[in-house]
Amino acid sequence: MPQKLPDFENGHCPQCGSRQAFVVAQHVESIDHPDISGSTIYSVLRCGGCTQFYFKSRSYNSEDIDYQYDENGQAEPYYVENVEFWPRASDRRPPDWLSKLQWKDRRLWKLLSDVFTAMSNDLGTLAAIAMRTTFDRAAELLGINPGLSFEQKLAELKSVGFIVETERNVLAVLIDAGSAAAHRGWEPTAKQLEAMVTLLESFLHRSFLMEEISEDLRAKVPQKQKEPKKV
């Protein structure tokens, strides 16, 4: 008889970060030789939160042993377990409004999604380049000539009122970082990527979604009652 699958497995969803997962399928490969032994367990998981599918592997072998101490101070050996997820879950989750972008422009949505995919897989250089490309697409959607330089695009965005001087300076840093990654092989740290994606999210949310949010709010706010005419 086939081995019964466990119902749950500790996971780390790359989409929503949930640690609860259902086990969909599992495969075990074992090594059992006189000189070395060990196992790798491959699992297909389904997130208990957002239902995203992803993969997990757990492996150990007799060559990777550590020690822990019991209450009497005696050393007890144990196998060190190595756990990996694919796609790897990033500490930075995509914003809740990401899916709404595809109704504005599917290409823009896909570019920003690629940013988070790259971050989830420790591809810092690619994430930085993708951020610069995302800004490029956003500027084009806002009516800026795609043939202009990045500096000229920022000037145009400020000229037509999409950004103010402070935002121009902030976005210039983002673009410079993306250019350094694209042309000079610079790889930002996790903290630098966090700062970059925060700047980009702020620009995109305000430029493409804020007006819709304000209109929705305006429609729900009770209107001021007119004062009765004095007789």
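The preceding data block contains the structure.
Described below are features of the structure shown in this document. In every chain, residue numbers begin from 1 and rise along the written sequence. Confidence filtering applies because this is a predicted model: local features only for residues at pLDDT of at least 70, side-chain atom pairs given and counted only at 80 or more, and all residues used for totals across whole chains, interfaces and linings. Water and hydrogen atoms were dropped before computing side-chain values, which therefore reflect all heavy atoms in the structure.

## Some remarks on the nonpolar core
Argument step 1. L112, M131, F135, F203 and L204 are the most contacted members of the largest nonpolar core, which totals 35 residues.
Argument step 2. Put simply, DSSP marks the helices as runs of H or I at least four residues long and the strands as runs of E at least two long, and each gets a number from the N terminus on. At the level of secondary structure, the elements contributing two or more residues to this core comprise α2 (106-120), α3 (124-141), α4 (150-159), α5 (165-184) and α6 (190-208).
Argument step 3. If we ignore the near neighbours within four places in the chain, the residues touching M131 are V115, M119, L174, L193, M196, V197 and L200.
Argument step 4. Formed by seven residues, the second largest nonpolar core is a distinct cluster that contains C13, C16, A21 and Y54. For the purposes of this section, nonpolar cores are sets of buried Ala, Val, Leu, Ile, Met, Phe, Trp, Tyr and Cys residues that join through side-chain atoms within 4.5 Å. Per-residue accessibility, obtained with a 1.4 Å probe over protein chains only, is compared with the maximum for each type, and a residue is labelled buried under 20%, exposed over 50%, and partly exposed between these values. Note on contacts: a residue pair is in contact if any heavy atoms of the two residues lie within 4.5 Å.

## Things to note about the packing of aromatic side chains
Argument step 1. By convention, a stacked pair of Phe, Tyr or Trp rings (six-membered ring in the case of Trp) has centres within 6.5 Å and planes under 30 degrees apart, an edge-to-face pair has planes over 60 apart, and any other such pair is tilted. Taken as a whole, this structure holds five aromatic pairs when the rule is applied.
Argument step 2. With a centroid separation of 6.1 Å and an interplanar angle of 40°, the aromatic rings of F55 and W86 are classed as tilted. Within this pair, whereas F55 is found in strand β4 (residues 53-61), its partner W86 is found in strand β7 (residues 82-86), the two being separated by 31 residues in sequence.
Argument step 3. By relative accessible area, F55 is classed as partly exposed at 42%.
Argument step 4. An angle of 40° between the planes, with centres 6.3 Å apart, marks the rings of F135 and F150 as tilted. One end of the pair, F135, is in helix α3; the other, F150, is in helix α4, and 15 residues separate them in sequence.
Argument step 5. Here F135 falls in the buried class, since its relative accessible area comes to 0%.
Argument step 6. The exposure class of F150 is partly exposed, given its relative accessible area of 22%.
Argument step 7. The rings of F135, F150 and F203 are connected pair by pair, giving a single aromatic cluster.

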